[in-house]
Amino acid sequence: MSFPEYIVKLVDDIAKHEHFIDYSIESSDATKRGENFTGKLTFLQLAGRRNENPAPDKIQLVLKTVPSNRNQRLVFQAVTGFKCEVEMYTKVLPKFIAFQDEKRITTDEKLLTLPNVYATVFDEENDHFAIVMEDLRAKNYKKFSRSSNMTSMTYDHARLVMAKLAQFHAISFAMKDQNLGVFNEIVRSGTLSSKFMKDDLGYEILNIFEHSLNALENAKHKELIDDLKTTYLEWVDKFSNEQFVGGSGVLLHGDCQTNNVLFQHKANENPIDAMLIDWQMSRFGPPIIDLLYFILSTTDKSFRDQHFTNLLNEYHSLLSTSIEQLGSDASIVYPKSTFDSDLIKFNRFALIFACVSVTFRFADERHILDLDEYAERICKGERPKLILEFDADTEILYRKALNDTVADVVQYCGIN
């Protein structure tokens, strides 16, 4: 696999910084067809000898770049998302870590941990884009993998993610309470994502709604989705509007789904830690957005019937503990009553995302139009469907999952 000169130099600089004097690089593609609309991932292994150490050594890295296809960059706003992620790793998240470090929180109690980022490049003028970070597989982190008969993330995995989100959101609440100026500087900087469910998916949302309307069996549920066809853009704007969000506003991860969480496992495969990755869609909004995004995209009805309420209660309990740990009064900055009200206040997000998440959950590489072709046709003024028709077996599974998910949103999110 060949790389542009600036990538070669970047990796060479990393090798020198890590004291390699004789090394080779192996690479392999980490992006499957239909994945990573806004980026390309490559695994790198840098192997050789370090200064004053004749024993062979290696480091494993992940290289992230924007798509080479310029139409794809334009249609999916890849450069905008990449800039957001670079800013998150180099400016925003370091401020969060510095804030928690000021509280003298010990290593074992850190609320926010990140992979080691070796280098970033964002040079739009010269078309240079790169993030190089540690490959967490070397520390036994990996994505959650559903078995053939599993349709939901396990409770142990889900609890870890909810805990990570609680700790991450707690920093926002405490920072906002204690240093509002710094918090506002972050969320109003213009670097955070503002493209969620608007320009990045565009009219594809309407295609998803149409498919949903054909699949839903309950007449009331059909009416709810039919109404969203004309109102969803208004709702999307509200989800990040400071006045509408009010005191619930925090910095969100923004894309908390299966592909963007890595789990560390023991030998017996029980998860012991989770790490949030991929910060391209980070934005301002209420915590419930991250929580619903995760739960609806990773679980099935059986799981939600057993654990939905418990997960939210556990989240708020740990959030409160973490806020107190950072020196603020959780009962003032985000009481449970406000959290419960937000579940109802933002229930239209849950309804919109129910349709989107179920569609993409069942759209594997067989059902997604080639992204280069899709982007080229969009740039020509055509209106192709990104998600192709499901085969008969997939359509049956999709319909059941959609009806179950919309019914759960109506039940659990207070839609009358």
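All values reported here derive from a predicted model rather than from experimental measurement. (Residues numbered from 1 in each chain as written. Predicted model: local features only at pLDDT ≥ 70, side-chain atom pairs only at ≥ 80, totals over all residues. Heavy atoms only, no water.)

**Let's talk about the sheet that holds strand β9 (residues 271–276)**
So, point 1. Ordered in space as β6-β8-β9, the three strands form an open sheet in which the pairing is antiparallel. Of all strands in the sheet, those with a lone pairing partner are β6 (141–142) and β9, marking the two edges.
So, point 2. The pairing of β6 with strand β8 (residues 261–265) spans two bridges and is classified as antiparallel. Bridged to Y141 within β8 is Q264.
So, point 3. Most of the contacts of helix α4 (residues 155–178) go to β9, to which it runs at about 45 degrees, and overall it touches β8 and β9. (Pairing = 2+ DSSP bridges. Helix = DSSP H or I, 4+ residues; strand = E, 2+ residues; numbered from the N terminus. Contact = heavy atoms within 4.5 Å. Axes fitted to C-alpha atoms, helices over the stretch in contact; angles between N-to-C directions.)

**Overview of the environment of F303**
So, point 1. Turning to its location among the elements, F303 is positioned in helix α10 (residues 301–325).
So, point 2. Separated by 148 residues in sequence, F303 and Y155 have C-alpha atoms that sit 7.8 Å apart.
So, point 3. Ignoring anything within four residues of it in the chain, the contact list for F303 reads S152, M153, T154, Y155, A158, F308 and L311.

**Observations regarding the packing of helix α7 (residues 219–239) against helix α15 (residues 392–412)**
So, point 1. Following both chains from N to C, one finds α7 and α15 inclined at 85 degrees, their axes separated by 11 Å at the closest point. The angle between the axes of α7 and α15 places the two elements in the roughly perpendicular class. Contacts between α7 and α15 pair K220, H221 and L224 from the former with V406, A407 and V410 from the latter. (Parallel < 35°, antiparallel > 145°, perpendicular 65-115°, else oblique.)

**Here we look at the environment of H221**
So, point 1. The residue H221 is located in helix α7 in this model.
So, point 2. On the accessibility criterion, H221 (9% relative accessible area) is buried.
So, point 3. Note: C-alpha distance between H221 and F37 (184 residues apart in sequence) is 30 Å.
So, point 4. The contact partners of H221, leaving out residues within four places of it in the chain, are L216, V406, A407 and V410. (Buried < 20%, exposed > 50% of the residue type's maximum accessible area, 1.4 Å probe, protein only.)

None of this, on its own, says anything about what the molecule does.
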